[in-house]
Amino acid sequence: MTDAPASRPTLASPYQSWLAGDPEIASLLAAEAERQTTTLQLIASENFTSPAVMAATGSLLTNKYAEGYPGRRYYGGNQVIDEVEDLARDRAKSLFGAEHANVQPHAGAMANLAVYQALVKPGETILAMRLDQGGHLTHGSPASITSKVWRFVSYGLTPASDDPDRPGEIIDFDQVADLAKAERPKLIVAGATAYSRQIPSEPFREIADSVGALFLFDLAHPAGLVAGGAHPSPVPVADVVTFTTHKTLRGPRGGAILCRADLAKAIDSAVFPGLQGGPLEHVVAAKAVAFAEAARPDFRDYATQVVANARALAGALAGEGFRLVSNGTENHLMLLDLRPFDAELTGKEAQEVLDRAGITLNRNTIPDDPRSPFVTSGLRLGTAAQTTAGMGEEEMGRVAGLIGRALRQRGDDDALAAVRAEVGELCGAFPPYPTLAPGAGPAGTDRS
Ligand code: PLP
């Protein structure tokens, strides 16, 4: 830890003092810093980035226009920017063992759109996972532009099963194979937004090869688990891999694409000029920081602990009377079916009650959910963020107990306040930024 300088950066923003002229935003940032550090962050797609990632994201690289790619820009003054982007690309390639990386997608959705645009003509068929069974909006939701440009066909999960040795609600590869044969898709997509099992690449590869389709693995959620060696990598198997940098990978908000060298030109042109304008080079720099952090040995420990914590949390929640979709978890997230706990309790109400108790997560449909996507019968929880804050399996047991208590006593304001107080105490013992304080803590450049 460095000595604190006279003007100390705060948790709300390393450059908080520069916001003195905008007290409204400054106070909102301070309030959000308070929320993030005094309540439990269990949204499966969130994490706590390092101060170094935040510093790069908040840097003056935001001033630079840099349409194009290193060595081929449309504006001048690119020497530094080119080095930044080259570093980010090289680090991404080395981290994942990829032949080519594009680090410009502003988000995971942009990365997926770029891949579709590069590889599939409008109107051609894409086979992807059904949204109500765990797929993402960009996998062909009627609400998404993806379904208006391309023709999507969807696969789903096997039926639920009580047999612990043969869990149900896992990807139905017979269905994937049958649909591929019948529909002859141009592209097959693996990957999900709410699926608690490892997704193997090989069966998708075999099916894609059997019908001459290309294979995209959307690694948005488990990218950090792959980088940290806790999950097998789809990079050597898939033609293209997209991912988000802000979930388990713990970087800035953004997307990236990895692909074989022979697809590089098509992918790059689809991102720019096909889909986006100027890249966000401050975010590209922050991605480079995150890739370097994810290559460190301690990130391997982190990824392993995220999975161990998820398993512990899932086991403890089952003990509280919830049903786990697919009987458990192999990654950083889990889906709870609330109905065995309380048939009347919806995902919407549970999310609102837990918010009041200082436990932040999201409602989610469960497979074959009888309720609407706005109401739902399920909750989705993840361990990536609180593992960054240092929590382990023991704390996961406490978290499950607090969730059970809050939901059982949801009509009792005093009981909810008591849970909220315990949540605050627990979070206080595991500050995500020990060297940065919510108000005006000491300066820190590291998490240690
Ligand atoms: N793909 C999957 C599987 C996701 O889970 C997500 C985000 O949740 C995305 C793509 C899109 O990422 P973004 O929100 O950055 O656009």
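Reference entry: report on the structure contained in this document. (Residues numbered from 1 in each chain as written. Predicted model: local features only at pLDDT ≥ 70, side-chain atom pairs only at ≥ 80, totals over all residues. Heavy atoms only, no water.)

## Some details on the overall build of the protein
Right, on to step 1. Within the protein one finds 15 helices and 15 strands.
Right, on to step 2. What you see for the protein is a C-alpha radius of gyration of 22 Å, in line with the 22 Å of a compact globule of 448 residues.
Right, on to step 3. Taken along the three principal axes of its C-alpha coordinates, the protein extends 60 × 60 × 35 Å.
Right, on to step 4. Within the span of the protein, comprising 448 residues, buried residues form 56% of the whole.
Right, on to step 5. Here the contacts in the protein between residues at least 6 apart in sequence split such that 71% fall between residues at least 24 apart.
Right, on to step 6. When the accessible area of the protein is evaluated, it comes to approximately 18300 Å², of which 53% is carbon and sulfur surface.
Right, on to step 7. The protein carries 40 positive and 53 negative side-chain charges, and their two centres are separated by 4 Å. (Helix = DSSP H or I, 4+ residues; strand = E, 2+ residues; numbered from the N terminus. Rg over C-alpha atoms; globule rule 2.2 N^0.38 Å. Buried < 20%, exposed > 50% of the residue type's maximum accessible area, 1.4 Å probe, protein only. Contact = heavy atoms within 4.5 Å. Areas by Shrake-Rupley, 256 points an atom, 1.4 Å probe, with all protein chains shown as cover. Lys, Arg positive; Asp, Glu negative; His and termini not counted. Charge placed at Lys NZ, Arg CZ, Asp CG, Glu CD.)

## Here's the deal with the nonpolar core
Right, on to step 1. Ranked by internal contacts, the top residues of the largest apolar core, which has 60 residues, are Phe96, Ile171, Phe204, Phe243, Leu249 and Leu258.
Right, on to step 2. A total of 7 residues in this core trace back to one element, the largest contributor, which is helix α10 (residues 281-294).
Right, on to step 3. Residue contributions to this core reach at least three from each of two domains, namely domain 1 (57-294) and domain 2 (298-436).
Right, on to step 4. If you look at the next biggest cluster of nonpolar residues, it comprises 43 residues, including Ala12, Phe341, Met396 and Val419. (Core = buried A, V, L, I, M, F, W, Y, C linked by side-chain atoms within 4.5 Å. Domains from an automatic or database assignment.)

## Some thoughts on the packing of helix α11 (residues 297-319) against helix α14 (residues 393-408)
Right, on to step 1. Running from N to C, α11 and α14 cross one another at 35°; their axes reach a closest spacing of 8 Å. Between α11 and α14 the crossing geometry is right-handed. Touching Gln305, Ala308, Asn309, Ala312, Leu313, Ala316 and Leu317 of α11 are Glu393, Met396, Gly397, Val399, Ala400 and Ile403, all from α14.
Right, on to step 2. Per-class residue counts for the contact of α11 with α14 are 9 nonpolar, 3 polar and 1 charged. (Axes fitted to C-alpha atoms, helices over the stretch in contact; angles between N-to-C directions. Left-handed = near helix turned anticlockwise from the far one by under 90°. Nonpolar A, V, L, I, M, F, W, Y, C, P; charged D, E, K, R; others polar.)

## Notes on the sheet that holds strand β6 (residues 151-155)
Right, on to step 1. The strand order β4-β10-β9-β8-β7-β5-β6 describes an open sheet built from 7 strands, whose pairing is mixed. Edge positions in the open sheet fall to β4 (100-102) and β6, since each of these has one partner strand only. Looking at each pair of strands side by side, their axes are set apart by 20° on average, direction ignored.
Right, on to step 2. Relative to strand β9 (residues 240-244), strand β8 (residues 214-218) runs parallel, the two sharing 3 bridges. Bridge pairing in β9 links Asp218 to Thr242.
Right, on to step 3. Docked against the sheet, helix α3 (residues 79-96) engages β4, β9 and β10 (255-259), running at close to 130° with respect to β4.
Right, on to step 4. Packed onto the sheet, helix α4 (residues 108-119) meets β5 (125-129), β6, β7 (187-190), β8, β9 and β10 and runs at close to 160° relative to β9. (Pairing = 2+ DSSP bridges.)

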